[in-house]
Amino acid sequence: MDTKKKFEIERALATENQAISSGKLKEDNPLDTTETFRQFCEACRRGDLKVCQEMIQAGVNVNARDRHDYTPLILASLCGHYEVIQLLLENGALCERDTFQGERCLYNALNDRIRNLLLSYDYAKSSNPLQPLAAHITSLLTRPEPQTADLTIEAYDQTFHVHKFVLAARSPYFAKKLCAAPNTATWTLPQSIPSVSLGVALQYLYFSEVSMRRVMHGLNDEEEAQILRGIDKIGRQLEMDRLFEDITEVSDRRLLRQKRAEELARGRNQLEAWFQDNVLRNKVEVETAKVDNLKWDRDNSIYADILLRADEVEEDYESDDINASPGHSESSTPPAHNILGLLSKSRSPSRSRQPRRSIVYPAHKAMLLRSEYFSTMLTSPFREAQQTPYLQIVTLDCSPKVLETILTFLYTERSDFDLDVAIDVLFTADQLFIEKLKQRAALIISTLGNGNSSTVESENPRGETDTEEVIDIYEVIRAGWDTRVQRLEEFGARYIAYRLERYIDTPEFAEIVQESARRVKARQETDTVELVDDIRYYLSDRFRLRFEDSGLDEMMEQRGDADAIAEAMEALGVKDEDEEKKSGLLETEIEEQFAVGAIRTLDGEVAGDEFAQDAMNYQILLAKIDQLLENLDLDA
Amino acid sequence: MAAHKRAKIRVPNSLKGLHGDEVDFDNTWVTIEAAFREIHTKNASRLSYEELYRHAYRIVLKKKGEQLYKNVHDFEKGWLSREVRGDLQQLLSPNLLANAQSVASTTANERRVSGEKFLKGLKQAWGDHQVCMSMLADVLMYMDRVYCQDHRRPSIYTTAMLLFRDEILRSPLSVTDDRMILGLLNHVILEQIQMERDGDVIDKHLIKSCVHMLDGLHADDLESEDQRLYHVSFEKEYLDTSREFYEAESELMLRESDAGAYCKRAKKRIHEEEDRCRATLMESTTSKIREVVEAELIQGRIRELVEMDSGVHFMIDNDRLEELNLIYDLNARVDEKKTEVTRSIQKRIMEMGTEVNNEALAASQAPPSAQAPATDGGDKSKQTQEKNVNQQTVAAIKWVEDVLSLKDKFDKIWRRSFESDSLLDTAMFNSFRDFINSSAFPRSSENISLFIDENMKKGIKGKTEMEIDQVLDKAITLIKYVQDKDLFERYYKKHLCRRLIMNKSVSNEVEKQMIEKMKQELGPSFTSKLDAMFKDMSISADLTSGFKKHVEGLGDRDPKRIDLSISVLTKMTWPMESINGSGEGQESNRPKCNFPTAVEKVKRGFEQYYAEKHSGRELTWLPNMGTADIKAVFPKVPQKDGSFKERRHELNVSTYAMVILLLFNDLPADECLTFEEIQAQTNIPKNDLVRNLQSLAVAPRTRVLLKEPMSKEVKPTDKFYFNEGFKGNFVKIKVGVVSSGNKVESDQQRKETEKKNDDERNFVIEAAVVRIMKQRKELPHQQLVLETIGQLASQFKPEVTMIKKRIESLIEREYLERIEGAAVDSYRYLA
């Protein structure tokens with residue numbers, strides 16, 4: 001790997017500063033002295049996943065720097081919080097080689113694991129988080145199947161098939177024009193404008209990175225000038241004032257990227273605004289029984305070409321009868337997916353009398369294609385793909401809230417939702433093959449679901465019972481298995497490990513261990529139970545942290561040095577007898593204590609010595625796991 | 001949102017307690033199965049994708065993926081074996097079934113129609129199956145992604161394709177007939193292809209789609225690349241039947257057509273098969289079928305083909321370049337070395353070359369017959385011999401030209417028909433070399449040198465540089481063929497020597513160009529002596545002018561002074577034997593010519609001058625090579641207009657002739673000298689004297705002397721007078737000396753030349769042996785011989801016996817010794 005020399009980095013830094021001060025370049029890491037940012041940095045330093053996630057969701061700038069020139073990413077990698085670093089990187093924290101802050105971050109990484117993680121997110125390799133959305137929209141211009149375009153623009157030598165909703169979202173001119181006549185099917189380009197110019201403008205509208213050099217290739221000066229005039233004209237007519245400026249090429253890599261990022265963000269915001277104002281605002285709430293009466297014309301004001309329906313969850317489980325939902329005419333349909341138990345629980349029972357309601361969202365096939373499920377559906381010869389006088393209503397097997405989350409993601413790449421819908425989003429995204437959203441849901445569960453405690457467990461070193469639980473951890477683990485998200489299983493193991501005292505004796509725990517073992521056997525004959533392995537790992541993590549924090553390891557190594565020990569004892573306020581007890585306990589008595597079944601009662605005996613207690617608890621918990629496996633007749 | 005913050009999140013209820021829910025599955029499956037039926041009966045447009053997908057999704061999520069997979073599998077199996085197979089069996093007409101066993105009595109047309117019907121049915125079934133299965137796979141996407149991947153099952157689509165193979169292709173034709181549909185399919189396709197070969201038009205597209213089906217299916221369940229049904233089942237049969245067909249066809253064609261037509265047909269067949277692979281079958285078969293066709297049509301037949309009456313021999317003789325190209329192409333397809341064509345070409349070259357050789361021999365030996373002029377009635381035999389030599393020279397030059405035109409012919413064939421193939425180039429080169437160096441024709445070196453000589457003296461006159469270059473190149477090509485380069489060098493030197501000394505060359509530039517070309521082709525060692533000859537010539541020019549100045553410097557203004565132009569030749573570089581005059585024995589016993597006093601004085605003057613410049617060098621005078629310009633005054637004789645006038649002529653004569661003529665200066669008119677008197681006074685060798693007297697007294701245009709009796713032959717008793725009445729039309733008269741040009745050697749001369757050459761070879765061989773041994777110190781006999789031959793290859797090809805003799809001789813002279821007791825004969829070098 002080639003590393004830049006110090007002077008090279010300094011020189012780069014100097015030119016960068018110059019560019020920033022002259023206003024050409026935006027600063028990657030602006031100074032932020034607000035209290036919120038300070039708290040954010042603090043959370044990164046401590047490794048508090050939950051706070052980090054909450055603050056990121058609240059919109060803190062992950063790439064800012066504090067008074068001491070530290071960025072959150074540097075802090076987290078310096079302090080070695082792997083999960084936090086992952087979270088930051090997934091939320092757009094920059095770590096690029098050959099930049100000052102990037103190299104600094106890599107240099108500060110606590111260990112190689114973190115360093116490699118940072119490198120794997122190097123900007124040079126990864127792309128703008130909005131790129132998938134942009135790429136999809138760009139592909140709509142050329143995608144032959146299924147046919148989603150609803151407007152034809154005819155130039156004298158070329159025909160363009162475009163989407164009204166994209167034009168309306170991106171260009172105020174089209175928005176007005178189309179609003180006036182929503183069922184226009186063709187539009188003719190004035191002869192005076194070259195079709196190439198229109199092509200460029202359309203590419204720009206469709207989020208494509210326009211390369212003027214490629215467009216102009218092989219043309220003479222006059223043709224070039226004509227095309228440029230055409231673009232200028234179009235830009236003015238369509239009220240895309242930035243068009244001309246944005247397609248002018250920039251040679252600097254970073255500047256180009258920055259421009260592109262800005263353009264994508266702007267485009268996304270336009271699309272989002274349009275989505276909010278049109279799609280979401282036009283959702284229709286109807287009684288489920290009457291949903292079939294809903295008729296949408298093909299020519300509608302928001303150019304929707306499909307309707308998506310999601311049914312409200314019935315409050316009353318007994319009345320959750322398939323006959324109640326006329327959408328499913330077949331009697332053999334299994335019970336509708338009853339999601340969001342938590343929502344139903346929180347509602348007042350008085351609402352159960354009301355007829356069941358459904359929400360119907362108008363949508364555009366072009367955007368739904370981002371999901372493999374829809375793209376298969378819409379290219380297949382099945383009913384959904386056929387042209388009907390009124391828009392087809394496709395039912396989705398989820399709550400309206402989840403559907404709205406999914407639509408938001410498909411249209412805007414935004415995926416901010418709360419823990420309460422996260423599991424449902426996870427399942428639905430899995431069902432619809434929207435991989436990114438699935439990962440996003442898993443991320444939200446594994447960060448926000450972490451409870452109020454930080455990963456360091458500084459407030460709760462001995463795994464005392466949490467005052468309340470936010471999640472049903474068993475179900476999270478099972479969901480992870482069902483949807484094949486490794487991260488959730490790891491999260492679950494970690495979660496349990498840090499609260500093992502609470503779970504170890506419950507039958508549910510035994511059950512899930514057995515399930516995990518079965519999963520393994522279903523694949524191949526190996527002897528480990530993955531979940532238990534993970535729990536053991538995180539358990540050692542949990543206690544080792546404590547030992548390392550207090551420097552106990554070192555002290556134990558220096559046993560021979562009486563002075564040092566005495567000093568340490570004194571510092572820790574430990575009596576001499578205790579020292580004997582402790583040493584014996586650490587070396588031999590632990591086993592004895594297991595033998596006599598000494599459990600938590602020991603707490604009292606060794607009162608005042610937290611380390612000994614931790615060590616004991618650790619051993620006790622491990623022993624309990626072994627016991628459990630034995631009972632379950634599992635080798636491990 | 002805040003309201004829910006405190007709430008627990010849990011998995012949706014419907015997903016809870018999924019384990020062990022049986023009833024649900026069966027109901028759902030009924031729905032799914034009904035939908036699948038609709039899909040198979042092409043009623044899918046009513047079905048809701050969303051609903052079907054949801055059912056399948058739930059089943060998989062409930063861990064019932066395996067059951068679903070199995071049910072789908074069983075459903076497809078049932079559908080194929082009941083519905084599709086039945087439909088197909090309907091299409092099997094009796095005559096189609098009969099065909100499968102033997103060639104029935106049905107007409108080709110009937111067979112084609114029923115075959116096509118079957119293929120169409122199968123294609124339809126396969127197409128439907130594919131469409132339906134891709135719809136099923138769409139619906140079961142979640143199962144494919146989750147269940148199949150986790151459990152390493154092939155996707156449902158793949159499985160269904162395998163089912164088609166097992167349930168349709170491998171199913172029996174009917175209840176009573178247990179042959180497989182696959183076999184029938186192969187047979188029908190092959191039959192259609194046979195029809196096409198016979199000139200019928202068939203539905204290529206239809207066959208291609210069936211072939212695609214076979215290519216898409218695998219014989220095993222692992223989908224390994226080499227187990228495609230197309231390869232395993234169809235291709236082999238196709239290749240086998242093709243082999244049979246082409247074997248028969250080649251038999252027939254050999255009997256019925258000539259070689260050219262055969263080649264054309266074979267090539268067409270190969271192209272046809274290639275096209276067929278492209279349009280009807282798979283591209284991957286192209287190379288295999290080509291191999292089969294080539295094996296049958298070419299491999300086994302090429303020899304016969306080449307040797308047919310209309311084979312290569314015929315094609316060469318009749319310039320059938322296209323056919324030659326065809327046969328070359330065919331041969332190249334099966335044999336990288338093109339053995340057969342090469343062999344026949346070589347044979348033909350040898351034949352034609354030997355013919356040229358023989359013609360040349362015959363021409364040179366043929367009696368001069370009618371051409372011999374019997375006019376003067378002189379001594380016939382001498383005359384004849386003279387003529388004979390001329391005739392031989394002409395024959396030699398003709399030989400060279402024949403060889404060149406032969407070479408041109410084969411070059412053209414090589415370029416136009418053999419695609420400038422390098423292997424054939426070498427082969428042809430070898431053949432040319434072989435006949436040119438054939439032991440039955442020992443004159444090639446001499447002939448080639450003569451050819452160059454001829455061109456240098458006359459041939460290139462008035463030619464452009466380009467043309468000259470062409471001539472030189474031709475000569476060089478021929479030289480390259482010559483194996484005994486030393487012999488050629490010897491002749492060339494001899495001929496060059498004459499040209500230089502007698503100033504016969506048209507252009508010195510061209511001579512030098514030629515040497516330069518030889519240097520490029522044969523290396524500088526070959527031309528070093530030739531270069532030296534040119535150097536001698538230029539030094540001599542300097543000497544001449546130097547001497548002239550020297551004489552002027554003496555202040556001795558003698559009006560009778562004789563201008564001397566001299567060529568000093570280094571003895572080692574110049575071929576002395578040819579200079580000394582042929583057949584007159586060694587230089588040592590050669591009599592010294594008596595020069596007239598005036599000449600003698602100049603001669604001594606030069607010797608003195610030369611000795612001052614180069615001490616210790618001895619000059620030997622070669623009057624037989626020199627020429628002299630003398631002014632002769634003839635007495636007044638009456639002219640046509642009646643006046644009397646002295647006539648002055650400048651005579652250009654040989655040195656000997658000058659010596660002879662000067663004798664008559666001192667002689668009173670009307671007196672004569674006899675031959676013997678002349679010989680006694682001049683001491684000119686008899687042979688030269690005869691020749692000079694002949695040119696002075698016999699040749700009518702230059703008859704400065706009169707002879708008595710007047711006859712062609714010069715006899716010792718003849719008397720010679722000064723011819724006072726000599727009439728010349730020009731002031732300058734060149735008196736040629738008979739037979740001084742470069743002519744072909746007589747047999748005796750050649751033997752001498754060869755002997756001399758062999759003597760020199762002996763030295764060269766010894767030198768090479770010593771060189772090698774000095775370096776290696778010890779060497780086994782065999783290796784020594786090999787290395788010696790290797791070292792000398794560029795000069796000549798030594799005979800092994802010769803080398804052996806030289807080694808013996810070296811041992812005798814104690815350069816080498818035998819190593820006693822060595823396992824193989826070995827020698828050691830003695831320093």
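Residues numbered from 1 in each chain as written. Chains lettered and ligands numbered in written order. Predicted model: local features only at pLDDT ≥ 70, side-chain atom pairs only at ≥ 80, totals over all residues.

Q: Please clarify how the UniProt feature "repeat: ANK" (unreviewed entry) in chain A should be interpreted in this entry.
A: Following the UniProt record, the feature "repeat: ANK" (unreviewed entry) maps to residues 68-93 of chain A here. For residues 68-93 of chain A, helix accounts for 65% and strand for 0%, while the C-alpha atoms at its two ends are 18 Å apart. (UniProt positions renumbered as here; feature names shortened; annotations may be inferred. Helix = DSSP H or I, 4+ residues; strand = E, 2+ residues; numbered from the N terminus.)

Q: For this particular structure, what's the right way to read the nonpolar core?
A: Soluble globular proteins tend to bury their nonpolar side chains together. One finds A201, L308, A422 and I445 of chain A together with A56 and I327 of chain B to be the most contacted residues of the largest nonpolar core, which totals 248 residues. With ten residues, the top contributor of residues to this core is helix 5 (residues 108-139) of chain B. Residues contacting A56 of chain B, with those up to four places away along its chain left out, are I32, L68, V139, L140, Y142 and M143 of chain B. Judged by nonpolar contacts, the second largest core, of 31 residues, contains M55, V62, I85 and L89 of chain A. (Core = buried A, V, L, I, M, F, W, Y, C linked by C-beta atoms within 7 Å. Buried ≥ 20, exposed ≤ 12 C-beta atoms within 10 Å, placed from the backbone. Contact = placed C-beta atoms within 7 Å.)

Q: Explanation requested: the confidence of the model for chain B in the structure shown.
A: In low-pLDDT segments, the atomic positions of the prediction should not be examined closely. Residue and element names in this part refer to chain B. Of the residues in chain B, 87% have a pLDDT of 70 or more, and the chain-wide mean is 78. Per-residue pLDDT, averaged within each element of chain B, yields its smallest value for helix 24 (residues 576-579) (62) and its largest for helix 2 (residues 49-61) (88). Within the model, pLDDT remains below 50 along residues 368-380, and this stretch shows 13 contacts once partners closer than five positions in the same chain are excluded. Ignoring residues within four places in sequence, the model shows residues 582-588, a span with pLDDT below 50, making six contacts including any to other chains. The complex model carries a pTM of 0.63, and its ipTM stands at 0.73. (pLDDT = per-residue confidence, 0-100.)

Q: Would you explain the packing of helix 5 of chain B against helix 8 (residues 181-197) of chain B in this entry?
A: The packing of two helices is summarised by the inter-axis angle and the distance between the axes. Residues and elements named next belong to chain B. As a packed pair, helix 5 and helix 8 sit with axes 10 Å apart at the nearest point and diverge in direction by 135°. Overall, the two elements helix 5 and helix 8 adopt an arrangement that is oblique. As for how helix 5 packs across helix 8, the hand of that crossing is left-handed. Residue-level inspection shows A108, R111, R112, G115, F118, L119 and L122 of helix 5 in contact with helix 8, the latter providing L185, V188, E191, Q192 and M195. Its residues assigned to classes, the contact of helix 5 with helix 8 comprises seven nonpolar, two polar and three charged. (Axes fitted to C-alpha atoms, helices over the stretch in contact; angles between N-to-C directions. Parallel < 35°, antiparallel > 145°, perpendicular 65-115°, else oblique. Left-handed = near helix turned anticlockwise from the far one by under 90°. Nonpolar A, V, L, I, M, F, W, Y, C, P; charged D, E, K, R; others polar.)

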